[in-house]
Structures are given as C-alpha cells and as structure tokens.
Amino acid sequence: MKLTLRQQIAQFAHVLQDGLFPTLEEELGELSRSAKRLVATLEMIPLARFVPSARGWIGRPSKDRLAIASAFVAKVVYGFPTTRQMLEALQRDDQLRRICGWRWAWQVPHEATFSRAFEEFAHMELPQFVHEALIRETQQGRLIGHVARDSTAIEAREHFPESAPKATGKAQRPAPPTTPKKRGPKRGRRGPHQRWKGGKPRPALPVDTRLARQRTMSLSEMLQDLPRNCDIGGKKNSQGHTEYWRGYKLHLDVADGQIPLSAVLTSASVHDSQVAIPLATMSSQRVTYCYELMDSAYDAGHILEDSRSKGHVPIVDPAQHGEQVRELDRAQAQRYQERTMIERVNARLKDEFGARFVRVRGAAKVMTHLMFGVLALTADQILKLALGEGQIL
C-alpha cells in the first residue's frame, strides 16, 4: 500500500526521533533545539544530489563543497547575520561543526574559501534546484487548494547604476502635434461577461505590454526579460503610506500550510503584476492547485485570462478606478482571507531565516542567500504541516 505524504513524513520523523537523534546525542551530547532543526532540515532536503563532487580532479583538491553548503543552511537555521559569525560558531561549537561535516576545528575552511564556494553556488543556482526537487518530491502528489502570491522588499547594501549624464547643450523641444490625441474611455476592472456603459463591448486587451508578451514566451524567456539590477522601490504599507528602499523584490507563491512553491527575484522598481505570469507558470509545472489569491496589484486582464487558461480560479482583490468598483462575492471573499498566509511566510523569512541580513552584492548572490532561507523554511513548514507545531523543530 502506498503511503500518503503525511504518513511518509511521520515515518521520517519517527526515524529521526527514535534512531538518528539518540545516536547523535550519544556521540555529541544532548542536541539543542536549533541542532535538531538543522539535522531534520539537512536530512529532508536533497542537498547532496546537486552539490558537485571534487574527487578525481588533478591538482590540489578543493574543500568539501557539501559541508560548506550544509554550513550555509546552518547559517539561516541558527540565524547568523554574517558568514564570519557562522565561522566563529563552527570553531567553538563542536556539535554544530560535526553536524555540518567537519570533525576538527582546523578542518573548517577559511572565510575566503566560503566566499568562493558561495559564488559557485550562485552561478549554478544550487538552492533553487534543491528547493524545486524538494517541492516536487513532497507536494506533487497532493491537490493544493490555494496559492497566495505577493512580493516583499529586500534591502541591499550596494550601489545601483547611475543614470546617463545630462547633455550640456539645451535640447530643442519638439514641435507640438497639430491635432490633439483623443482620449479613450477609462478602462475598468470588470468581469468577463460584463459590458461597458451604453451597451458597448469590452475593449480588447493591449498587445504591446510585457504581460501580453509573456503569454507567448517560455518560462526562461520570461525570467530573462525581467529586470534584476539593484534600484529604488516603493510600496504602500498597511497604513497607506509609501515606504521606499534600495535593493530588490522577492516574489513568492505560497501554498496551503505556508509552504513556498516558487520564488523570483527582480529589481525593487518592478511592479508586482509583471511577475504574476512567470510565477504561475513555474508553480503549475511543480504542483497542482485550484485557486490563485492575489491583491489589487495583480488586477489585470492578461493575468486573469492566463490563470483561467491554466485551469485555475483567480481571486483578486479588485482595484478601484474612479467610480467603477467591482466587489468579490461572499464565497470569494471567504477564500481571499487565506491570502494572509503569504504575509506570515514573508515575516518568518525575514525574522527567522536571514532575509533581513543581506550582505552580498549582485542579483545572483542575493537570490542564493534568500533561497537558502526559503529552502530551510520550506522543510520547516512541511514537517510542521505533517506533525503539528512544537514537534522536532
């Protein structure tokens, strides 16, 4: 008889509690809560499958990349803000060092080696591949009810490219057009079967926008088309005030149980709606789900039609345009309340898994740093979903 996902994870937890943890405590002493979380995370994620092996090369052998990758997972699980603090902990904490894969303190590589290894992981997108494999192995066999979509601000310590210098001479102003352009009617957010005032049919969706182009692109083409350089972004908070930051945006799809399914990093100035279709495509390739929950930033015709074409039901908080207001019905409003799970995931990612302490530069390295946190958070939530709060982790 084939075991369900919950039964498989419960069996995995039984092996941890009755087999692995007692064996480690006999050799390392009583395990702390963080050590148990780290052991469970490393045992669950398929890290060794994607870390390249250095054996067989001619010349001086490189340091063990699997142990270094495990140390970066430990960095987000233990909440170390910097790599230097993690190295100091590896030197003094025998338990942490043995879990990562080094027996003696002198075997831990230098900080420069960690930096080079991190650059390799960023180039090969190691945590992204490990996270995708974890989602496919644990979530592909179940039907997910709701997927919530949103972005969160990621502050970075780097300079963004400066704009081109202004010309010294005065530029000649172009002549005004002879005939003024006629302004068309305001576009509203209406249902697929509603008509405009006066019985006129709904105007066609624009075809010269990024959203329109994304519907004909592959996933890799959509991701390459999105800007990823560091710049200035702004977003309204819950009080209605606009907050600005320098850095990036992390866009997430989160499933029931607060499990991150997909992640995309863009420039801070990129609007949330520009990443909706790539995220939906990425999540649809990994899992099967029914409803997509999004706020008013995603209220666009191309996004709604793309969601329906994939077999999903989009529930979007309607955007208000002048006097035109569309409201969710009672059933939709009740389902829309599930969207708050992505707010909790973003909060945990920043408070517990290192997204608030970005000390690397460049989109590739920033994404790698964030994905190590997403990877650890995903393993944490999968165990909590199957076993309940307070067990193991």
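Here, the structure is the one placed above.
Keep in mind the model is a prediction, meaning the values are calculated, not measured.

This next bit is on the nonpolar core. The biggest cluster of nonpolar side chains holds 80 residues, and the ones touching the most others in it are Ile-45, Leu-47, Leu-90, Trp-102, Phe-114 and Leu-250. By residue number, the principal contributor to this core is helix H14 (residues 363–387), which donates 13 residues. Those residues in contact with Leu-47, other than ones at most four positions away along the chain, are Leu-42, Leu-66, Ala-69, Ser-70, Val-73, Leu-126 and Val-130. Of all hydrophobic cores here, the second largest spans 17 residues; its members include Val-270, Ala-276, Met-294 and Tyr-298.

One can find Gln-274 in the loop between strand E4 (259–267) and helix H10 (276–286). Residue classification places Gln-274 among the buried residues on the basis of a relative accessible area of 16%. Setting aside anything within four residues of it in sequence, one finds Gln-274 in contact with Arg-210, Leu-211, Gln-214 and Leu-226.

Their axes nearest at 10 Å, the elements helix H3 (residues 65–78) and helix H4 (residues 83–92) cross at an angle of 105°. Taken together, the axes of H3 and H4 lie roughly perpendicular to each other. For the pair H3 and H4, contact is made by Ala-71, Phe-72 and Lys-75 and by Thr-83, Met-86 and Leu-90, respectively.

This paragraph deals with the pairing of strand E3 (residues 242–255). Most of E3 is tucked away, with 10 of its 14 residues classed as buried. Relative to E3, strand E1 (residues 143–155) runs antiparallel, the two sharing 9 bridges. The residue of E3 that forms the bridge with Glu-155 is Gly-247. Once strand E2 (residues 231–236) ends, the chain turns through 5 residues before running back antiparallel as E3, passing Gly-240 with a positive phi of about 90°. Linking E3 to E4, which pair antiparallel, is a turn of 3 residues; within it Gly-257 sits at a positive phi near 90°.

Our next topic: the environment of His-146. With respect to the helices and strands, the residue His-146 is situated in strand E1. Taking the C-alpha atoms as reference points, His-146 and Glu-292, separated by 146 residues in sequence, lie 6.0 Å from one another. Leave out the neighbours within four places in its chain, and His-146 touches Val-254, Ala-255, Asp-256, Tyr-291, Leu-293, Arg-335, Glu-338 and Met-341. Side-chain polar atoms of His-146 contact the side chain of Arg-335, separated by 2.8 Å.

In this section: the packing of aromatic side chains. Summed over the entire model, instances satisfying the criterion amount to 7 aromatic pairs. Residues Phe-72 and Phe-114 carry aromatic rings whose centres are separated by 5.9 Å and whose planes lie at 75° to one another, so their mutual orientation is edge-to-face. Placement of the pair is Phe-72 in helix H3 and Phe-114 in helix H6 (residues 111–124), with a sequence separation of 42 residues. Like Phe-114, Phe-72 is buried.

Among the surface-exposed residues, Phe-160, Ile-232 and Tyr-244 lie close enough to one another that they form a single nonpolar patch of about 330 Å² accessible area. The topology assignment puts Phe-160 in the loop between E1 and helix H8 (210–214).

The rules behind the values
- Residues numbered from 1 in each chain as written.
- Predicted model: local features only at pLDDT ≥ 70, side-chain atom pairs only at ≥ 80, totals over all residues.
- Heavy atoms only, no water.
- Core = buried A, V, L, I, M, F, W, Y, C linked by side-chain atoms within 4.5 Å.
- Buried < 20%, exposed > 50% of the residue type's maximum accessible area, 1.4 Å probe, protein only.
- Helix = DSSP H or I, 4+ residues; strand = E, 2+ residues; numbered from the N terminus.
- Contact = heavy atoms within 4.5 Å.
- Axes fitted to C-alpha atoms, helices over the stretch in contact; angles between N-to-C directions.
- Parallel < 35°, antiparallel > 145°, perpendicular 65-115°, else oblique.
- Pairing = 2+ DSSP bridges.
- Polar contact = N/O pair within 3.5 Å; in protein donor to acceptor, adjacent residues only side chain to side chain.
- Phe/Tyr/Trp six-rings, centres within 6.5 Å; stacked < 30°, edge-to-face > 60°.
- Patch = residues over 30% accessible without salt bridge, like charges linked within 9 Å, V, L, I, M, F, W, Y side chains within 5 Å.
- Areas by Shrake-Rupley, 256 points an atom, 1.4 Å probe, with all protein chains shown as cover.
- Salt bridge = Lys/Arg side-chain N within 4 Å of Asp/Glu carboxyl O.

Keep in mind these numbers describe shape, not what the thing actually does.
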